[in-house]
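Given next are the chains, with one letter for each unit.
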Amino acid sequence: MHTFERQVGPQRIVFGAGTTARVGQEVARLGGTRVLVLSTPEQADLAQRVATLVGAVGTFSRAAMHTPLDVTQEALARAEELRVDAVVSVGGGSTTGLGKAVASRSGLAHLVLPTTYAGSEVTPVLGETADGEKVTRSAPEILPDAVVYDVDLTLTLPWAMTLTSAVNSMAHAVEALYAVDRTAETDARASEAIGDLAGGLRALHAESDEHDGAGGPEGEGAREARADLLHGAWLAGTCLGTVGMGLHHKLCHVLGGSFGLPHAPTHTVVLPHAMAHNADAAPEAMAAVTRALGTDDPAPRAVQRLVAGLGGPTDLAGLGFAEPDVPRAAELATARPYPNPREVTRDGVAALLLHATRGDDL
Ligand code: NAD
């Protein structure tokens, strides 16, 4: 099992199993004495357990997808009322987003206990929603001060979310492999991340009979597999935080922000199609993905087969996206230029989206 602690730039990382027990000590290291624990409503019990463990002065369990500004303002008011000096975010990307929004505005210390594979905890990026519009910004003060990865907190993640969250993470690594500002170091981390994520998914699937979306107790083999998944998520998250993402992330941002599609399942469906679109323009990246996945298939097909073989979503129609929406989504995704290995055109993106909507085989 991966177990380590290290300083990565301004951020402290603790990784292992059972590490939640160390949160009090880690918050104290940041100078925190009065802690507010943040979570979604669904994870309020977990937030309460963490609050008891660290002797927190309160909890705020209203985190929501896309970091709505009114929720942030409520959390800020609660932090002020309780005179807190640190926030602890316990949850997935939605809760981490709230913690980032609160800490970057107030200057409070921020520690994250991630429970999904989203990777937001290691990026200086925040997407917030106000008046129906999602605005993304990046700033050094958004990066959390410390992350405590505890494999045990991921044991409750239902299989369907485990799969889509891991593929969301894999997408960070895949796009890092063809990013214009990639380095030998990000290439190495991205390849290792893809290997960890695919290996973890295959092992967990083989290990557990509980793949009906209900979660359930998992054995020691599953814990090892989840350690690989979380380690891959950390590595892929650092790629997302270091290099620029391309067409795949842009498309998922548009589909989530303007069409209300769910974040991780959308990444899961779009990734192989975005890869197929870019494949000829990024042969080295595709070869690296194929190696990391340990298959002979071309990389886009290998990812599509991995997802389908593990029971994941393979078409956007199944997520509520309809073919008549394709032209507007393509227009939004091509409105502003951004780096991508293959030229981004409205027709090209529309064709990609049509394949993804229908779930065409690659
Ligand atoms: P999420 O945080 O929205 O969580 C989805 C649901 O799963 C919630 O109800 C949550 O409480 C529950 N959950 C989380 N962990 C669980 C566990 N271990 N067991 C049981 N239930 C659990 O989902 P997400 O995919 O992690 O995050 C998506 C959000 O994060 C999006 O808004 C996305 O834009 C953002 N994000 C941001 C970045 C960034 O760098 N800024 C990176 C990735 C994702």
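Below: a short report on this structure. Source: prediction; values computed, not measured.

### What about the side chain of Ser94?
Then step 1. Among the structural elements, Ser94 can be located in helix H4 (residues 93-106).
Then step 2. When residues no more than four places from it in sequence are discounted, the contact partners of Ser94 are Ala63, Ala64 and Met65.

### Things to note about the pattern of salt bridges
Then step 1. Under the definition given, this model contains 14 salt bridges.
Then step 2. In this structure, Arg22 engages Glu26 in a salt bridge whose closest nitrogen and oxygen atoms are separated by 3.5 Å.
Then step 3. Look at Glu26 and you get buried, because its relative accessible area is 1%.
Then step 4. Residues Glu323 and Arg358 are paired through a salt bridge, measuring 2.9 Å at the closest nitrogen-oxygen approach.

### Side note on the packing of helix H6 (residues 184-207) against helix H7 (residues 220-242)
Then step 1. Between H6 and H7, the least distance of the axes is 7 Å, while the angle of their chain directions is 150°. Here H6 lies roughly antiparallel to H7, going by the angle between them. By crossing handedness, the relation of H6 to H7 is classed as left-handed.
Then step 2. Class assignment of the residues belonging to the contact of H6 with H7 gives a composition of 13 nonpolar, 7 polar and 6 charged.

### Regarding the sheet that holds strand E3 (residues 35-38)
Then step 1. In spatial order, the strands read E1-E2-E9-E6-E5-E3-E4; together these 7 strands make up an open sheet with mixed pairing. One side of each edge strand has no neighbouring strand; the edge strands of this open sheet are strand E1 (4-8) and strand E4 (58-60). Between one strand axis and the next, the sheet turns through 20° on average, direction left out of account.
Then step 2. Helix H3 (residues 69-81) contacts E3 and E4 of the sheet and is inclined by roughly 175° relative to E4.

### Some points on empty space enclosed by the protein
Then step 1. A full pass over the atoms with the stated rule returns 2 cavities of 30 Å³ or more.
Then step 2. The space that makes up the largest cavity amounts to roughly 60 Å³.
Then step 3. Around the largest cavity sit Glu175, Tyr178, Ala179, Val180, Asp181, Gly244, Met245, Gly246, Pro339, Asn340 and Pro341, which together line it.
Then step 4. Grouping the constituent residues of the lining of the largest cavity by class yields 6 nonpolar, 3 polar and 2 charged.

### Quick notes on the pairing of strand E5 (residues 86-91)
Then step 1. Where burial is concerned, most of E5 is hidden: 6 out of the 6 residues are buried.
Then step 2. Covered by surrounding structure in E5 are Ala86, Val88 and Val90 together with Val87, Ser89 and Gly91, the residues of both alternating faces.
Then step 3. Across 4 bridges, E3 lies against E5 in parallel orientation. By the bridge assignment for E5, Val35 is matched with Ala86.
Then step 4. In terms of handedness, the path from E5 via H4 over to strand E6 (residues 109-114) forms a crossover that is right-handed.

### Some details on helix H11 (residues 299-309)
Then step 1. Those residues of H11 not exposed but buried are Ala299, Pro300, Ala302, Val303, Gln304, Leu306 and Val307.
Then step 2. Looking at the buried residues of H11, the elements they touch are helix H5 (159-177), H6, helix H9 (263-278) and helix H10 (283-293).
Then step 3. Positive phi shows up at Gly311, right after H11, with a value of about 85°.

### Overview of the layout of surface pockets
Then step 1. One number sums up the size of the second largest pocket: a volume of about 270 Å³.
Then step 2. For the second largest pocket, the lining is made up of 16 residues, of which Val8, Gln11, Val122, Thr238 and Thr242 are closest to its centre.
Then step 3. The set of elements that each furnish at least two residues to the lining of the second largest pocket consists of E1, strand E2 (11-16), H6 and H7.
Then step 4. Element by element, the count of residues in the lining of the second largest pocket is highest for H7, at 5 residues.
Then step 5. A breakdown of the residues in the lining of the second largest pocket according to their chemical character gives 8 nonpolar, 5 polar and 3 charged.

About the thresholds
Residues numbered from 1 in each chain as written. Predicted model: local features only at pLDDT ≥ 70, side-chain atom pairs only at ≥ 80, totals over all residues. Heavy atoms only, no water. Helix = DSSP H or I, 4+ residues; strand = E, 2+ residues; numbered from the N terminus. Contact = heavy atoms within 4.5 Å. Salt bridge = Lys/Arg side-chain N within 4 Å of Asp/Glu carboxyl O. Buried < 20%, exposed > 50% of the residue type's maximum accessible area, 1.4 Å probe, protein only. Axes fitted to C-alpha atoms, helices over the stretch in contact; angles between N-to-C directions. Parallel < 35°, antiparallel > 145°, perpendicular 65-115°, else oblique. Left-handed = near helix turned anticlockwise from the far one by under 90°. Nonpolar A, V, L, I, M, F, W, Y, C, P; charged D, E, K, R; others polar. Pairing = 2+ DSSP bridges. 1 Å grid on protein atoms, 1.4 Å probe; cavity = no way out; pocket = protein on both sides within 12 Å on 5 of 7 lines; lining within 4 Å. Points joined across faces, edges and corners; volume = space filled by probe spheres on them. Right-handed = clockwise from strand over helix to strand, strands pointing away.

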